[in-house]
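# A closer look at the structure
Okay, here's what each chain looks like letter by letter:
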Amino acid sequence: MSLAEGAGRANALHHAIAPILPVVLAAAAIASLAGVVHAVAIVPLHVPLDPDEGWNAYHAAAAVAGRGLYPRPADFMINNYPPLSFYLVGLLGTLVGDQIIAGRIVSLFSFLTLCGLVASLVRMSGASRRAAVFSMLSLSTALLVASDYVGMDDPQLLGHALQMAAMLLVVRAPRSGGNMLAAALLFVAGGFVKHNLFVLPLAALLWLALFDPRNARRFALYATALIVAGLVLFWTEFGFDLLNRLNSAREWSLAQSWSNFGTWLPFAAIPLCALSILLVRAPKGPAVAFAAIYVGIAIPVGAIFLGGAGVDVNAMFDADIALALVVGLVLDCLLAGGELASRIAGSVFVIATFLPLFVSGAANTNWRTPSFWLQPMREETALAARDIAFVRARPGPVICESLAFCYWAGKAAPVDVFNIDQQLRTRTRDPAPFLRFIQSRRYGAIELDETAPFPLPQSAEAAISRNYRLDHADDEGIFFVPR
């Protein structure tokens, strides 16, 4: 084949692919917008999106009320999170009148802020607007398609948004002591929102050590001082060590880590392969170095976290953010030269990046159902309303695995089912007091999300079976009442 024939085929390929690229980007933008609109629509609905929503709501209410944010070790309600998110969400909750709705609002704004900050970071690295938009869309579609955290009452996205804002201060030129102090403050604030958020500040410190050692020392000093000050302030306020409370009992499984990581990996395969393009084409660039450091820390740390009982896909959010930065830098690298081959490669890369997300979205039967978009969670809300009324009518305290039922029913929160389960399974709690309460039928009802597998150890399962009977079950939960 002659050079002229090769060039002609390349031009034909480019003309064939070029119209597909804007369609793919438009589809990603529409999918992201639709996902956000759906999340907004379900914010006010009294239906649990996750068992943790009610858990977070009770602690936010306790924070603003100035009572019991950290229950006593002997209590069956447990708080193993740092305090900052509960105060922030709690203040908003007092304005809107519902802590779960407040948490969902914070989650949505955090998601939008995080996506915008990722795009800004790509632009600050010198990449084009197209690359920045591509990064933003790849992150938004990944979080909307592969997780249910957008618009959920959970502090994870708030912590990421705070830390990404800190990262923009780190890369902002010229760097100063003031910038480093503000960045350290935001990074530490993110850590006091969610204690698993240490990957990005660690990546920032290593990157500064390579490219700006003087400010790396400043940043490390400020961050260390702020962490110590925060821990001392916590001790002064609550009278015990926060780190000890965060180190709560939890089972860990290598098989679970491997299985969960395998579920996440297909969405990350193309960006991971593309990282090699950056390392080959621009091995000494500061932006490329940071992306490689961030990915190199986030993936193994997330994989380890995935082995913990009750850990969800949010363990890989740092990796998702890092890979969103990677894809933007890769696209900018491919399009920077302007060669025909690079433009073709860039178009193919964009399509390949979104393809697993589009396939996953298309496989979701809910997304293909008109009522999912036009009347979101209508049936679930009706079921939840009946279940909330049932819980409200039961005498005395009620155990709710999904604590949102108890929260909306106006009940106290007597038991944290998940953490009690983990303490009993790891033998860090004496089971006798809890079993005595079950055997005495202290609770007017027990709500469990599922019974196969049972969410409590065999001894508790047997006690519930002997002393409680099934009242009703629906898609929202399984409800037992005393025999």
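Scroll up for the structure.
An account of the accompanying structure is given in this report. Model, not experiment: these values are computed from the prediction. Sequence order sets the numbering: in each chain, residues are counted from 1 along the sequence as written. In view of the model being predicted, local features appear only for residues whose pLDDT reaches at least 70, and side-chain atom pairs are presented and counted only at 80 or more, with totals across whole chains, interfaces and linings using the full set of residues. The side-chain figures draw on all heavy atoms in the structure; neither hydrogens nor water molecules are used.

For the rest of this paragraph, the subject is the sheet that holds strand β4 (residues 477-482). Strand pairing within a sheet occurs via backbone hydrogen bonds; the two strands may be parallel or antiparallel. Pairing between strands requires that DSSP locate at least two bridges from one strand to the other. Numbering of helices and strands runs from the N terminus; a helix is a DSSP stretch of H or I covering at least four residues, while a strand is a stretch of E covering at least two. Pairing is mixed in the open sheet, where 4 strands are placed in the order β1-β2-β4-β3. The open sheet has two free edges, formed respectively by β1 (398-400) and β3 (468-474), since each of these has just one partner strand. Between one strand axis and the next, the sheet turns by 15 degrees as a mean value, whatever way the strands run. As defined by bridge partners, β3 adjoins β4 across 6 bridges and the pair is classed as antiparallel. Counted as the bridge partner of L470 is F480 from β4. Axis lines are fitted to C-alpha atoms, over the contacting stretch for helices. Their N-to-C directions set the angle, which ranges from 0 to 180 degrees.

Moving on to helix α9 (residues 199-211). Helix length check: α9 (13 residues) gives 18 Å between terminal C-alpha atoms against 18 Å at 1.5 Å per residue, within 8%. Turning to α9, the residues buried within the fold contact α7 (156-171), α8 (177-193), α10 (213-238), α13 (286-305) and α14 (317-336). By this rule the span expected of a helix is its residue count minus one, scaled by 1.5 Å. By definition, residues are in contact when any of their heavy atoms lie within 4.5 Å.

This brings us to a nonpolar patch on the surface. Where nonpolar side chains cluster on the molecular surface, the patch consists of F198, L202 and L206 and spans about 240 Å² of accessible area. For F198, the location among the structural elements is in the loop between α8 and α9. Patch definition: residues above 30% relative accessible area lacking any salt bridge, with like charges linked at up to 9 Å and the nonpolar side chains Val, Leu, Ile, Met, Phe, Trp and Tyr linked at up to 5 Å. Methods summary: accessible areas were calculated by the Shrake-Rupley approach with a probe of 1.4 Å, and residue burial reflects only the protein chains presented. A pairing counts as a salt bridge when a side-chain nitrogen of Lys or Arg comes within 4 Å of a carboxyl oxygen of Asp or Glu.

Here we come to the pairing of β4. Summarising burial for β4: 5 of the 6 residues are buried, a large majority. By the bridge criterion, 3 bridges tie strand β2 (residues 445-448) to β4 in an arrangement that is antiparallel. Within β4, the position partnered with I446 by the bridge is F480. Count of turn residues in the β3/β4 antiparallel hairpin: 2 residues. Accessible area is worked out with a 1.4 Å probe on protein chains only. A residue is then buried under 20% of its type maximum, exposed over 50%, and partly exposed in between.

Once that is clear, we can look at the environment of V295. In this fold, V295 is placed in helix α13. Judged by its relative accessible area of 5%, V295 is buried. If near-sequence neighbours (up to four positions away) are discounted, V295 is found in contact with L272, L275, P300, A322, L323 and V326.

Mapping R343 onto the fold places it in helix α15 (residues 340-363). Exposure remark for R343: the relative accessible area of 31% places this residue in the partly exposed category. A C-alpha to C-alpha distance of 9.2 Å links R343 and L331, two positions 12 residues apart in sequence.

Let's shift gears to the state of the cysteines. Pairs of cysteine sulfur atoms within 2.5 Å are identified as disulfides in what follows. Using the criterion set out here, one finds 1 disulfide in the structure. Disulfide pairing places C400 opposite C406 at an S-S distance of 2.0 Å. Between C400 and C406 the disulfide shows an S-S torsion of about 80 degrees. By sign, it is right-handed.

Next up on the list: the side chain of E476. In this fold, E476 is placed in the loop between β3 and β4. Put simply, E476 is tucked away with no salt bridge, and the nearest opposite charge, on R104, sits 8.9 Å away. Excluding residues within four positions of it along the chain, E476 makes contact with V47, P48, E380, L383, A384, D387, F405, E447 and D449. In this charge count, Lys and Arg are treated as positive and Asp and Glu as negative; neither His nor the chain ends contribute.

Here the focus is the side chain of D212. Mapped onto the secondary structure, D212 falls in the loop between α9 and α10. Throughout this description, a polar contact denotes any pair of N or O atoms lying within 3.5 Å of each other; where both atoms belong to protein, one of them has to be capable of donating a hydrogen while the other can accept it, and for residues adjacent in sequence the pair is counted only when both atoms sit in side chains. Within the structure, the side chain of D212 is placed 3.2 Å from the side chain of R175, a separation counted as a polar contact.

Before going further, it helps to spend a moment on unusual backbone geometry. Along the chain, A173 connects to P174 via a cis peptide bond; the corresponding omega equals -5 degrees. Here P174 is to be found in the loop between α7 and α8. Note the cis peptide between A452 and P453, where omega equals 0 degrees. Structurally, P453 can be placed in the loop between β2 and α21 (458-467).

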